[in-house]
Amino acid sequence: MIFWIASYPKSGNTWLRALLASYFFSKDGFFSENLLENINQFPQKKYFEHFDYDKNTPTDTSRFWIKAQEKINQDKKIRFFKTHNIYGTLNNENFSNKFNSIGCLYIIRDPRNVITSLKNHYELNYNSSLDFMNSETKYIYDTNNQNDYSDFQFISSWEKNYQSWLSQREIQVKLIKYEELQKSTFSVFKEIIEFIYSTIKKPHKFDKSKAKNAVSSTSFQKLSNYEKERGFKESVLSKSEKKKIPFFFLGPKNDWSKIIDEKFKAKINKNFEKNLKELKYY
């Protein structure tokens, strides 16, 4: 069955996957980029190759979300999958169900810091970034393939995205705050490992040494240096310049209170007021 690593875009999903991939798919816990290949994205084109869908229609792969997962799960193994998709329905098609999914780690980030990352990654201004986060019909796909929506992900709004995963009652979900993972990486990571094994009901002795190596080798500075020296597959090409936009952008320096001007601070605080209180970011 599938164990989801879910989030809204630019919320720390890649860092969490790097930690998990280092712990579960290496001998010693040290990170290398190829380990991320053990945690694929869903939805993704290759999982729909056996289905008759219209790649020119953004939502058409949704008809095969469940069937594709059933095919993935035929060997009855536990697999991690990354997704930015909501846990809900689109055109009366369910994203997943309790027969194909066993659990989820949902990583959430202060939306005021998500805005600054979105602005960089998608080359937007602040107002466009806020519109992006508020759009309940928002979707993303691989823009390198024009008119091919095979990698379509229905992310909806930032609010609807996290609420869709936390409000459903089909699978167990552990909510992880990016800020807490950043502050107490080792202890939060240990909780994550224990949650995974508890959910899949498999006995496990926590490997402290391996976890320490995973934490140390996936620090923001080391991942940023890695990208500078070797590049990073998940970085995207700039629309205006013939170069890639840095994937690991600001990291710990991404502090909305120091970056955003006072007028826009007031605007985003008002926009996300209810969510900030609900998630105890106030």
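J.: I'm lost on the overall build of the chain in this one. Help?
T.: Looking only at helices and strands, the chain has 12 helices and 9 strands in total. Against the globule reference of 19 Å for 282 residues, the chain gives a C-alpha radius of gyration of 18 Å, in line with a compact fold. Its C-alpha atoms put the chain at 55 × 50 × 40 Å along the principal axes. Buried positions account for 51% of the 282 residues belonging to the chain. Counted over contacts in the chain with a minimum sequence separation of 6, partners at least 24 positions apart contribute 71%. For the chain, the computed accessible surface area is about 14,600 Å², with 47% contributed by carbon and sulfur atoms. Distance between charge centroids for the chain: 5 Å, based on 47 positive and 33 negative side chains.

J.: Just checking my understanding: could you explain the sheet that holds strand 2 (residues 40-41) for this structure?
T.: Two pairing modes exist for strands in a sheet, parallel and antiparallel, and in both the strands are linked by backbone hydrogen bonds. Ordered by their spatial adjacency, 5 strands build an open sheet running 2-3-1-6-9, and the pairing between neighbours is parallel. Each having just a single partner strand, strand 2 and strand 9 (172-177) make up the two edges of the open sheet. Pairing of strand 2 with strand 3 (residues 79-83) involves 2 bridges; the strand directions are parallel. Across the sheet, asparagine 40 pairs through a bridge with phenylalanine 81, a residue of strand 3. Across the sheet, helix 5 (residues 158-167) is in contact with strand 1 (2-7), strand 3, strand 6 (101-108) and strand 9; its angle to strand 6 comes to roughly 145°. Relative to strand 9, helix 7 (residues 185-199) is tilted by about 175°, and along the sheet it contacts strand 1, strand 3, strand 6 and strand 9.

J.: What is the right way to read unusual backbone geometry from this model?
T.: The step from phenylalanine 42 to proline 43 runs through a cis peptide bond, and the omega angle for that step is 0°. When you line up the elements, proline 43 lands in the loop between strand 2 and helix 2 (65-72). A positive phi angle, near 65°, is found at lysine 10, a position not held by glycine. If you trace the backbone, lysine 10 turns up in the loop between strand 1 and helix 1 (13-25). Residue lysine 10 is classed as buried on the basis of its relative accessible area, which comes to 17%. One non-glycine residue, lysine 280, adopts positive backbone phi at about 60°. Here lysine 280 shows up in the segment after helix 12 (273-278).

J.: For this particular structure, what's the right way to read the environment of isoleucine 260?
T.: Checked against the element boundaries, isoleucine 260 lands in the loop between helix 10 (256-259) and helix 11 (262-271). The sequence separation of isoleucine 260 and tyrosine 126 amounts to 134 residues, and the corresponding C-alpha distance is 8.8 Å. Here isoleucine 260 is in contact with Arg112, Thr116, Tyr126, Lys265 and Ile268, once residues within four sequence places are set aside.

J.: Which parts of the structure should I look at to understand the pattern of salt bridges?
T.: Two side chains carrying opposite charge are able to pair once their charged atoms lie near each other. The tally for this structure, following the rule as stated, stands at 8 salt bridges. One salt bridge connects lysine 45 with aspartate 148, and the closest N-O pair in it is separated by 3.2 Å. Here lysine 45, found in the loop between strand 2 and helix 2, pairs with aspartate 148, found in the loop between strand 7 (139-140) and strand 8 (153-154); they are 103 residues apart in sequence, far enough to count as distant. Since its relative accessible area comes to 39%, lysine 45 is described here as partly exposed. Put simply, glutamate 262 and lysine 265 hold a salt bridge, and the shortest N to O gap is 2.9 Å. Of the two residues, glutamate 262 and lysine 265 both sit in helix 11, 3 residues apart, roughly one turn of that helix. Residue class for lysine 265 comes out buried when judged on its relative accessible area of 12%.

J.: Sorry if this is basic, but what is going on with the layout of surface pockets here?
T.: One way to see where empty space is left: roll a probe the size of a water molecule over the atoms. There is about 300 Å³ of room inside the second largest pocket. Phe25, Asn38, Ile78, Arg79 and Phe80 are, among the 15 residues lining the second largest pocket, the residues nearest its centre. Contributions of two or more residues to the lining of the second largest pocket are made by helix 1, strand 3 and helix 7. The leading source of residues in the lining of the second largest pocket is strand 3, at 3 residues. Taken together, the residues of the lining of the second largest pocket sort by class into 10 nonpolar, 2 polar and 3 charged.

Parameters and conventions
- Residues numbered from 1 in each chain as written.
- Predicted model: local features only at pLDDT ≥ 70, side-chain atom pairs only at ≥ 80, totals over all residues.
- Heavy atoms only, no water.
- Helix = DSSP H or I, 4+ residues; strand = E, 2+ residues; numbered from the N terminus.
- Rg over C-alpha atoms; globule rule 2.2 N^0.38 Å.
- Buried < 20%, exposed > 50% of the residue type's maximum accessible area, 1.4 Å probe, protein only.
- Contact = heavy atoms within 4.5 Å.
- Areas by Shrake-Rupley, 256 points an atom, 1.4 Å probe, with all protein chains shown as cover.
- Lys, Arg positive; Asp, Glu negative; His and termini not counted.
- Charge placed at Lys NZ, Arg CZ, Asp CG, Glu CD.
- Pairing = 2+ DSSP bridges.
- Axes fitted to C-alpha atoms, helices over the stretch in contact; angles between N-to-C directions.
- Salt bridge = Lys/Arg side-chain N within 4 Å of Asp/Glu carboxyl O.
- 1 Å grid on protein atoms, 1.4 Å probe; cavity = no way out; pocket = protein on both sides within 12 Å on 5 of 7 lines; lining within 4 Å.
- Points joined across faces, edges and corners; volume = space filled by probe spheres on them.
- Nonpolar A, V, L, I, M, F, W, Y, C, P; charged D, E, K, R; others polar.

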